[in-house]
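Fold and geometry: a report
Listed here are the chains, written in short residue letters.
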Amino acid sequence: TCPLCLDIPGDSIHQCTNGHIFCAGCLTAYRERIDHQAEEERPALAIVKWRQCHIKCPTCRVGLGDVAIRNRIAEMAVGLLPGPCKGCGTQMLRKDLAEHERMCDEVSVPCPFPGCTIAVRRKDLAEHQQTAAAHHLALEEGARQREQKAFEHWWPAALDVKVELRAEFKVN
């Protein structure tokens, strides 16, 4: 298990030099959190040295370095473990889950309409798009109005700059 999220790592697995494994996403978030602390505490020139000394494996405390080490053997081993589909719950090998979930009708998917935050089962997406048509039109109208207000706000300023530039570089 990943010592950061306490779950079985996903598709991409990274490790420290002693072989302790992590989800790639968890390790990236861990590095970013430590880097953020470094930026707040250290001057810019010292961050690289600070990073080398302070970003350590949470299990054995060995320095992680700047380059992630991918563990492909662990990825293959985890791929052979059983896991459930996030939609229908069917058990299958983890290496086959991503492909299955891309087509599974029970998996929850976001509505593709810009601004709509609804997530529905894939098999219900067409119905959602029909029943939410009025909501989608209202979202589109709101976006159009915001765009119009922004245009009205910034357009006069853009014209002023253009007029000033022409006046300044007037050719005789």
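Conventions adopted
Residues numbered from 1 in each chain as written. Predicted model: local features only at pLDDT ≥ 70, side-chain atom pairs only at ≥ 80, totals over all residues. Heavy atoms only, no water. Pairing = 2+ DSSP bridges. Helix = DSSP H or I, 4+ residues; strand = E, 2+ residues; numbered from the N terminus. Contact = heavy atoms within 4.5 Å. Axes fitted to C-alpha atoms, helices over the stretch in contact; angles between N-to-C directions. Core = buried A, V, L, I, M, F, W, Y, C linked by side-chain atoms within 4.5 Å. Buried < 20%, exposed > 50% of the residue type's maximum accessible area, 1.4 Å probe, protein only. 1 Å grid on protein atoms, 1.4 Å probe; cavity = no way out; pocket = protein on both sides within 12 Å on 5 of 7 lines; lining within 4 Å. Points joined across faces, edges and corners; volume = space filled by probe spheres on them. Nonpolar A, V, L, I, M, F, W, Y, C, P; charged D, E, K, R; others polar.

Time to look at the sheet that holds strand β2 (residues 21-23). Within a sheet, each strand pairs with its neighbour through backbone hydrogen bonds, oriented either parallel or antiparallel. A sheet is described by the order of its strands in space; here three strands give the open sequence β2-β1-β3, paired in antiparallel fashion. Each of the sheet's edge strands pairs with one partner strand only, and the pair in question is β2 and β3 (69-70). Both strand β1 (residues 13-15) and β3 contribute to a ladder of two bridges, which runs antiparallel. Residue pairing across strands places histidine 14 opposite arginine 70, the latter belonging to β3. Contacts between helix α3 (residues 72-79) and the sheet are confined to β1, β2 and β3, with β1 contributing the most and set at about 140° to the helix.

The biggest cluster of nonpolar side chains holds ten residues, and these are Cys2, Cys16, Phe22, Cys23, Leu27, Tyr30, Ile34, Ile55, Cys57 and Leu64. Looking at this core, the elements with two or more residues in it are β2 and α1 (24-41). At three residues, the largest contribution of residues to this core is made by α1. Other than its neighbours up to four places away in sequence, isoleucine 55 contacts Arg31, Ile34, Asp35, Val62, Gly63, Leu64 and Gly65. Cys85, Leu97, Cys104 and Val107 belong to the second largest nonpolar core, which has five residues in total.

Of the volumes computed, that of the largest pocket is approximately 430 Å³. If you go around the largest pocket, you meet 19 residues; those closest to its centre are Pro9, Gly10, Asp11, Arg94 and Leu97. Elements with a minimum of two residues in the lining of the largest pocket: α3, β4 (82-84) and α4 (94-103). Looking at which element gives the most residues to the lining of the largest pocket, the answer is α4, with five residues. Within the lining of the largest pocket, the residues separate by chemical class into nine nonpolar, three polar and seven charged.

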